[in-house]
Structures are given as C-alpha cells and as structure tokens.
Amino acid sequence: MIEFSKSNFNKKFKNALPLLEKIKKNSYDAYFVGGCVRDFMLNKDFCDIDITTSATPDEIKKIFNNVIDTGIKHGTVTVINKGIPYEITTFRSEGNYINHRFPEKVFFEKSISQDLERRDFTINAMALDIKGDLIDLHSGILDIKRKLIRTVNNPDERFNEDALRMLRAFRFSSMLNFIIEKDTYDSICKNKKLIEYISIERIVNELKKLFMGENNYNSFNLLIKSGLNIYIPFFKYVKRITNFSNFNFNQIIFYLLIKNSIEIQDLKKLKLSKKDYKEIKDYLKISNLIKNSNLINRIIFDFSKEKVIFVLKVIEYFNEDDIEKIKKIILPINSFSDVNITNREIIDTIKIKKPGPWIKNIKDKIINNILLNNLENDNYKIKDFIVRIGDL
C-alpha cells in the first residue's frame with residue numbers, strides 16, 4: 001500500500017478533479033468512491049473513476065452539458081469530459097431487494113456516510129474528497145493492510161441483498177491476493193443457494209475476472225470448498241482444478257470439462273458467445289483428432305500449433321519430448337492459398353467431373369500429402385497427383 005501523498009493524488013485524479021470542483025462550486029458535495037479509491041490505496045493502476053455526490057441526476061444535468069442517462073433509475077448518470085466517461089451517482093440508500101439482486105427502491109440521501117453504508121466490502125467503501133483526504137468509516141484501510149475481504153456490517157444482510165456479492169468476494173480475493181474474513185466466508189457457506197437467483201451471464205462475468213487473478217487457484221479452490229459452485233450450472237461438477245494463470249477463459253473451461261468429465265450439454269448452460277463456444281469446441285475436436293489420428297501436421301494446419309500444444313498438455317496424451325518435437329514443426333503450407341494450384345485448375349485437370357464436393361476431397365488429399373512431404377508443392381506435380389487419384 002502506498003504512503004498517502006497529496007501530489008500522487010493530484011497526479012492520479014488530475015483529469016477527474018475538475019468535475020469535483022465544478023460540482024462543489026454549485027454547492028453540492030462530491031467524492032471519488034469505490035474501486036478507484038481502493039486501487040489508489042493499493043498503488044494499482046485504474047481506468048474507471050466513479051464519483052458520488054449529494055446532487056441528484058437532474059441537478060448534475062444542469063451542471064454539465066454532455067450527460068448520458070446510464071442508470072438514472074438508481075441515481076447514476078455518465079458525464080463525458082474531454083472524451084472520458086465518468087459515472088456520477090447520487091448518495092443513496094436502498095429499500096428491499098428483488099430476487100436478491102436489485103433494490104426495489106432507491107432513496108437519495110444527503111450524506112456520504114449513508115451512501116458508504118450500502119456498499120459491499122470495506123475495501124470498496126472508502127471515498128476521497130477534493131483535497132485527497134480519505135473518508136473511511138468501515139476500516140477499509142485496516143482491511144487493506146490485513147489483506148482482508150470483509151463485508152460492510154452484517155454479511156448475511158449484504159449477501160441477501162445481492163447474492164452476486166458472494167462471487168465478488170472470491171473474485172477480489174483472487175485479484176488482490178487477499179483472504180476472505182471468517183464471518184464473511186461462513187456467511188457465503190450459509191447463503192450459497194441464493195446464487196441461483198443470479199443470471200448465468202453475471203456469474204460467468206465474475207468468474208472470468210476471478211480466473212484472471214494471481215490468486216486464482218486458492219480463491220477458486222475455496223469457492224469449491226464453500227459449496228457455492230454446487231448451485232452454478234457446469235461448475236457444479238467441478239472437483240479437479242489447477243493454477244489457471246497462463247490460461248485464457250476458454251482454455252479454463254476446456255480444462256474443467258475434460259478433467260471433470262463434464263458433458264457438452266452442460267457447457268451450453270453457460271450461455272457463452274458463439275465465438276467462445278466455437279473455440280472450446282475446437283479444443284474438443286483437437287483432442288478427439290489427436291486420439292484418433294497420427295496426422296499431427298494436419299491438425300496443426302487446421303487449428304494452429306498453439307492450440308494443439310495446449311490440448312496435448314491438458315489431455316496428457318504425449319510426453320514432454322514429443323511436445324518439444326511438435327513445437328519445432330514448421331509446416332510447408334499454412335493454408336490452401338499457399339498450395340500452388342487453384343480450384344479452377346483442379347476442375348480443369350479432371351475434365352470428366354462437374355464441380356461438387358469431390359473438389360474438397362481432392363484438396364484434402366493434396367494438403368495431407370504436402371504436409372507429410374509425400375508431394376512437392378509444385379503446380380505440375382500436383383496436377384499429376386490429381387490425375388492419379390482422380391478416379392477415387
């Protein structure tokens with residue numbers, strides 16, 4: 001954690017300070033709040049700067065010209081200043097929550113203390129004023145020093161309000177390499193079933209961030225021990241994990257799927273994007289091809305060396321020496337565009353056939369034989385090869 005420095009504060013918040021100054025000039029209170037304050041205290045870089053204020057959204061609109069209604073129902077607008085967006089939220093307290101996720105009603109307040117009272121964890125419930133003085137009513141700095149994730153006030157109340165906060169506890173533990181305070185963790189174990197109220201899209205988004213953290217193994221392992229995963233599609237089958245620091249999210253899902261023998265239909269329940277789903281399916285295809293084919297060059301040609309090597313390490317089908325040999329493979333061609341013949345030439349070479357699916361079969365044979373060094377990538381020799389196999 002950094003030693004407090006006013007000069008460092010002015011440097012880190014210089015682009016946003018004019019907004020606080022303008023709000024203050026209009027006789028309202030305003031503070032920097034949340035993640036930017038936490039990361040500032042941890043000497044971490046941050047991009048998003050959030051502001052909380054006693055001014056209502058309508059009053060903010062009178063102060064600034066470029067304002068977008070991003071969450072006006074809950075007191076939030078976005079002010080664009082010199083091309084940079086800043087979320088500005090009115091001090092608020094909240095009524096009862098709907099489905100353990102959204103407040104039924106929001107009450108605008110005039111005190112920063114009331115606003116900080118509603119926040120999830122102590123490390124996120126700190127604010128900085130225009131001079132860089134810290135407002136810390138829930139011992140957030142102490143918890144940063146202790147490397148502790150702890151809810152603001154009663155953890156049962158915080159998690160019953162918003163069940164996603166349980167996952168956020170593990171996410172922050174992973175990202176910051178902090179431990180989860182005992183009462184907070186016990187409350188997660190007690191209230192874990194509430195995660196069923198949260199959409200799978202929100203859950204996946206939190207898990208993606210968890211897996212990106214330096215402490216991902218310990219945090220995810222603790223999540224599994226808590227039993228929270230039992231109420232999350234796909235992840236409820238997870239028992240075997242590893243350190244995922246060098247994996248991207250799709251690789252992690254493939255690893256979990258293979259190592260925990262999870263069915264493909266359970267993967268679909270995660271509602272991933274088509275792009276993510278395709279990449280995971282590619283890993284599965286590579287795995288099946290490796291087990292049922294010796295044409296490793298062709299698999300690399302179709303999917304890339306990086307993907308093949310990753311799958312080999314996960315399925316543990318080849319030993320390290322074999323993998324090192326595969327790393328050294330240099331393909332003579334990387335796509336059909338590298339082959340010294342065109343589709344038109346293939347059709348003209350076999351005059352007795354009309355264009356159709358047979359062209360793809362011919363192309364596959366050409367590619368395989370070039371990759372196996374059985375055929376030179378020469379136009380004349382490829383045409384001769386086509387004539388010889390043309391009746392197949």
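Residues numbered from 1 in each chain as written. Predicted model: local features only at pLDDT ≥ 70, side-chain atom pairs only at ≥ 80, totals over all residues. Heavy atoms only, no water.

- As annotated in an unreviewed UniProt entry, the chain carries the name tRNA adenylyltransferase and is attributed to Gemelliphila asaccharolytica.
- The heading Cofactor (unreviewed entry) in the UniProt record of the chain holds the text "Mg(2+)". (UniProt positions renumbered as here; feature names shortened; annotations may be inferred.)

## Side note on helix H20 (residues 379-389)
Three- or four-residue spacings in an α-helix give side chains the same orientation, since the helix completes a turn every 3.6 residues.
And step 1. All buried positions along H20 are accounted for by Asn379, Ile382, Phe385, Ile386 and Ile389. Taken around the axis of H20, the buried residues stretch over an arc of 120°, which confines them to a single face. Seen from the open side of H20, the exposed residues pointing more than 90 degrees away from its buried face are Tyr380, Val387 and Arg388.
And step 2. The secondary structure elements touched by the buried residues of H20 are helix H18 (343-349) and helix H19 (358-371).
And step 3. For H20, the N-terminal capping position is held by Asp378, with its side-chain oxygen 3.1 Å away from the main-chain nitrogen of Tyr380. (Buried < 20%, exposed > 50% of the residue type's maximum accessible area, 1.4 Å probe, protein only. Helix = DSSP H or I, 4+ residues; strand = E, 2+ residues; numbered from the N terminus. Arc of directions from axis to C-beta. Contact = heavy atoms within 4.5 Å. Polar contact = N/O pair within 3.5 Å; in protein donor to acceptor, adjacent residues only side chain to side chain.)

## A word on the pattern of salt bridges
And step 1. Tallied over the full model, the rule gives 29 salt bridges.
And step 2. Residue Arg146 pairs with Asp143 through a salt bridge whose shortest N-O separation is 2.5 Å. Note that Arg146 and Asp143 are positioned in helix H6 (residues 140-146) at a spacing of three residues, about one turn of the helix. (Salt bridge = Lys/Arg side-chain N within 4 Å of Asp/Glu carboxyl O.)

## Observations regarding the sheet that holds strand S11 (residues 134-136)
And step 1. Sheet architecture is open: seven strands sit in the order S3-S4-S5-S2-S1-S10-S11, paired in mixed fashion. With one partner strand each, in any of the chains shown, strand S3 (67-71) and S11 form the two edges of the open sheet. Recorded for the sheet is a direction-independent mean angle of 35° between the axes of neighbouring strands.
And step 2. Direction of pairing for strand S1 (residues 30-33) relative to strand S2 (residues 50-53): antiparallel, over a ladder of four bridges. Across the sheet, Val33 pairs through a bridge with Asp50, a residue of S2. (Pairing = 2+ DSSP bridges. Axes fitted to C-alpha atoms, helices over the stretch in contact; angles between N-to-C directions.)

## Describing the pairing of S1
And step 1. The two faces of S1 match: Ala30 and Phe32 on one face and Tyr31 and Val33 on the other face are all buried.
And step 2. Bridging between S1 and strand S10 (residues 126-128) involves two bridges; their strand directions are antiparallel. When the bridges of S10 are listed, Phe32 appears paired with Leu128.

## Examining helix H10 (residues 200-212)
And step 1. Helix length check: H10 (13 residues) gives 18 Å between terminal C-alpha atoms against 18 Å at 1.5 Å per residue, within 8%.
And step 2. Buried within H10 we find Ile200, Ile203, Val204, Glu206, Leu207, Leu210 and Phe211. The arc enclosing the buried residues of H10, seen along the axis, measures out at 165°, which places them on a common side.
And step 3. Tucked into the core, H10 has its buried residues touching helix H8 (164-176), helix H11 (216-226) and helix H12 (249-259). (Expected span 1.5 Å × (residues − 1).)

## A few points about unusual backbone geometry
And step 1. Even without a glycine there, the phi angle at Ser139 is positive, about 60°.
And step 2. Mapped onto the fold, Ser139 is located in the loop between S11 and H6.
And step 3. Ser139 gets classed as partly exposed once you look at its relative accessible area, which sits at 33%.
And step 4. One non-glycine residue with positive phi stands out, namely Asn177, at about 60°.
And step 5. Owing to a relative accessible area of 35%, Asn177 belongs among the partly exposed residues under this scheme.

## A short note on the pairing of strand S5 (residues 84-90)
And step 1. Bridge count for S2 against S5 is three bridges, and the pairing is parallel. Within the sheet, the bridge partner assigned to Ile51 lies in S5 and is Ile88.
And step 2. Sheet topology note: the strand S4 (residues 76-81)/S5 ladder contains six bridges and is antiparallel. Each bridged residue has a counterpart across the sheet, and for Val79 the counterpart in S5 is Tyr86.
And step 3. What sits between S4 and S5 in their antiparallel hairpin is a turn of two residues, with Lys82 showing a positive phi close to 55°.

## Observations regarding the nonpolar core
And step 1. Membership of the largest hydrophobic core comes to 117 residues, with the highest contact counts inside it found for Phe13, Phe32, Phe220, Phe235, Leu256 and Ile366.
And step 2. Every residue in contact with Phe235, bar those within four places of it in the chain, is listed here: Leu207, Phe211, Phe220, Asn229, Ile253, Leu256 and Leu270.
And step 3. Core analysis: the next-biggest nonpolar cluster, separate from the first, contains seven residues, Tyr31, Ile112, Ala127 and Ile135 among them. (Core = buried A, V, L, I, M, F, W, Y, C linked by side-chain atoms within 4.5 Å.)

## Side note on the packing of H10 against H11
And step 1. Taken N-terminus to C-terminus, the directions of H10 and H11 make an angle of 135°; their axes are 8 Å apart at the nearest point. Viewed along their axes, H10 and H11 adopt a mutual orientation that is oblique. When H10 is examined against H11, the residues Leu207, Leu210 and Phe211 are found in contact with a partner set consisting of Asn216, Phe220 and Leu223.
And step 2. Taken together, the residues of the contact of H10 with H11 sort by class into five nonpolar, one polar and no charged. (Parallel < 35°, antiparallel > 145°, perpendicular 65-115°, else oblique. Nonpolar A, V, L, I, M, F, W, Y, C, P; charged D, E, K, R; others polar.)

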